[in-house]
Amino acid sequence: MALQVGMIGVGALGLAMAEGLIAAGVRVTGYRRGPMDDLVAAGGVAVGSIAEAITGKDAVVTCLPDEAALDDVLSRPGGILEHAGPGLVLIETSTTSVEEKRRQAGRLAEQRGVLLDCPVSGTPPMMRAGRASIFGSGDRESYESVLPILKAMAGRVAYVGDVGAGTVLKHIATMLAGIECVAAAEAMAYAERAGVDRAAVLEGITGSPVSSVIIEMRGKMMVDREHGRNKGMGAMAGFQKGMVLVGEAARALDAKSPLLTAATETYAAAIAAGFGGDDQSAVVEYLAGNKP
């Protein structure tokens, strides 16, 4: 019998995860407040309530934009906590604070359910290409029980510890991706000032000891100058919110993070200059002095 998964929050990233599940033969039942024609077109089932999405499923996946949305789907009348039966495994993939993941895990445990903290590192196109990562954390036995589901959603899945550890890894991934993107943009802007074409910079750096997946991926977007438009990429404004969240977590731990601070401020300036709707690779245009 095919596995059955309920998915709450079928946005751009959630849809990419659902498509991976459906391709692996998993029956996906989705819920969101807007139309779900895209999920139905992919082979999923759209329902009109959280109760329908989670009842009788092998696991439930939540992919939500922020802490408020996560609290809402858990706490609202008709929400997850109201309908969670004993043994429910909730695969929570949203980006939040560590404290919020642990708080919600505790609330679900009172219902004899299990929350697995499993945030995603990667964009929707990376998810579809099998290049995204899931950082799994929480009860190890429950994690092992849903591992086929996790592997169907992402190209790389790693167990990293107790609830909250996954979110720490996601924060680190956000930190590194944000800093590396600004570094690549700064290098591209410098090259242009020196009379060297962006494409030449990317060709010279790709595969060299100083390169990385982030630099090469965002570097290509900087060369193409499209910055994710019409390609299902997230917006710089949303990414910068994640950088702010990580900065707050670092300061709470008195962890020194000067590069994180500088990168976050650079994105804020680029957003103020009008690039907030583009992928974060558009920070190169701000640094180069270009207009949106």
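To be clear, the structure that these remarks concern was listed above.
If you're wondering where the values come from, they're calculated on a predicted model, not measured in any experiment. (Residues numbered from 1 in each chain as written. Predicted model: local features only at pLDDT ≥ 70, side-chain atom pairs only at ≥ 80, totals over all residues. Heavy atoms only, no water.)

Novice: Help me get a handle on the packing of aromatic side chains, residues and values and all.
Specialist: Applying the stated criterion across every chain, the model contains two aromatic pairs. Between Tyr143 and Tyr159, the ring centres sit 4.9 Å apart and the planes meet at 50°, which makes this aromatic pair tilted. Placement of Tyr143 in helix H8 (residues 140-145) and of Tyr159 in strand S9 (residues 156-161) is noted, with a sequence separation of 16 residues between them. A residue is classified by how much of its surface remains accessible, and Tyr143, at 4% relative accessible area, is buried. On the basis of relative accessibility, which here comes to 24%, the residue Tyr159 falls in the partly exposed class. Centre to centre, the rings of Phe239 and Tyr267 are 5.6 Å apart; their planes meet at 75°, and the pair counts as edge-to-face. Note that Phe239 is positioned in helix H13 (residues 236-252) and Tyr267 in helix H14 (residues 258-275), a separation of 28 residues in sequence. Residue class for Phe239 comes out buried when judged on its relative accessible area of 17%. Given a relative accessible area of 0%, Tyr267 falls into the buried group. (Phe/Tyr/Trp six-rings, centres within 6.5 Å; stacked < 30°, edge-to-face > 60°. Helix = DSSP H or I, 4+ residues; strand = E, 2+ residues; numbered from the N terminus. Buried < 20%, exposed > 50% of the residue type's maximum accessible area, 1.4 Å probe, protein only.)

Novice: How would you explain the nonpolar core if you had to name every residue and give the values?
Specialist: In this structure, Met7, Leu21, Ile91, Leu150 and Met153 are the most contacted members of the largest nonpolar core, which totals 32 residues. Every element with two or more residues in this core is listed here: strand S1 (4-8), helix H1 (12-23), strand S4 (59-62), strand S5 (89-92) and helix H9 (147-153). Sorting elements by how many residues they give to this core places H1 first, with six residues. One finds Cys181, Val182, Val201 and Ala282 within the second-largest nonpolar core, a separate group that totals 24 residues. (Core = buried A, V, L, I, M, F, W, Y, C linked by side-chain atoms within 4.5 Å.)

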